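Each chain, letter by letter, is given below.
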Amino acid sequence: MSDVFVHRLRALTDAAKEQLATAFKTSNYQVSVHSAFDLLPAQRKAIESAVKETFAPEAQVQFETAPELVSGIELSNNGQKVAWSIADYLATLEKSAGELLHDKSQPTPSRTRSPIRAEAETKSEPTSEAKPGRS
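My aim in this report is to walk through the structure given alongside it, one point at a time. The residue numbering used here restarts from 1 in each chain and proceeds along that chain's sequence as written. In view of the model being predicted, local features appear only for residues whose pLDDT reaches at least 70, and side-chain atom pairs are presented and counted only at 80 or more, with totals across whole chains, interfaces and linings using the full set of residues. The basis for every side-chain value is the complete set of heavy atoms in the structure, and neither hydrogens nor water enter the calculation.

A helix here means a DSSP run of H or I that spans at least four residues, while a strand means a run of E at least two residues long, and both kinds are numbered starting from the N terminus. In this scheme, a helix's expected span is set at 1.5 Å multiplied by one less than its residue total. Its 13 residues place the ends of helix α2 (residues 14-26) 19 Å apart at the C-alpha level, agreeing with the 18 Å of an ideal helix rising 1.5 Å per residue. Classification of residues uses two cut-offs on accessible area relative to the type maximum, computed with a 1.4 Å probe and protein chains only: under 20% is buried, over 50% is exposed, and between them is partly exposed. Within the sequence span of α2, burial applies to Ala16, Leu20, Ala21, Ala23 and Phe24. Seen along its axis, α2 keeps its buried residues to an arc of 160 degrees; they face one direction. Exposed residues on α2 whose side chains face more than 90 degrees from its buried face are Asp14, Ala15, Lys25 and Thr26. Two residues form a contact once any of their heavy atoms are found within 4.5 Å. Check the buried side of α2 and you find it contacts β1 (30-35), α3 (41-54), β3 (72-77) and β4 (80-85). Positive phi appears at Asn28, one or two residues downstream of α2, with a value of about 60 degrees. The arc refers to the directions leading from the helix axis to the C-beta atoms.

Quick look at the sheet that holds β4 now. Two strands in a sheet stick together by hydrogen bonds in their backbones, pointing the same way (parallel) or opposite ways (antiparallel). When DSSP locates at least two bridges between a pair of strands, those strands are taken to pair. The sheet built from 4 strands is open, its strands ordered β2-β1-β3-β4 with mixed pairing. Of all the strands in the sheet, just β2 (60-65) and β4 have a single pairing partner and so form its edges. Here the average twist between neighbouring strands, direction ignored, is 15 degrees. Bridge count between β1 and β3: 4 bridges; the pairing is antiparallel. Residue pairing across strands places Ser32 opposite Ser76, the latter belonging to β3. Note on method: axes are straight lines fitted to C-alpha atoms, helices fitted across the in-contact stretch only, with angles between N-to-C directions ranging 0 to 180 degrees. In the packing of helix α1 (residues 2-10) onto the sheet, the strands contacted are β3 and β4, and the crossing angle to β4 comes to about 140 degrees. Against the sheet, α3 makes contact with β1, β2 and β3, and its axis sits at roughly 140 degrees relative to β2, the strand it touches most.

Right, dumping it as structure tokens:
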């Protein structure tokens, strides 16, 4: 889960990174990372490295346990937040599946034919036959 969170931090849009960098500056580069469970030292180091590389080398990261996050990790700073949790992941997955199902239920132009066009395609074209005796 911490690996996914680190990836998410690094994959933020430039606009989101700029907002968080500004929040870092106004908070004296202090940031809190809350997790539903105690993070291992290697996980803390990976998150801290990602924060410093992505936002500010002088960032001071404080880690806290917050059981209410239910299998999640959240970085917050001056009203700005980046979070990942199983609940967020499932909600995103549900939304994506719903959009996919909705898209598949919509007919595409190549799949549908108007009744008039379909009828015209099934009729055979009259052929011109040469009649004997005419030249």
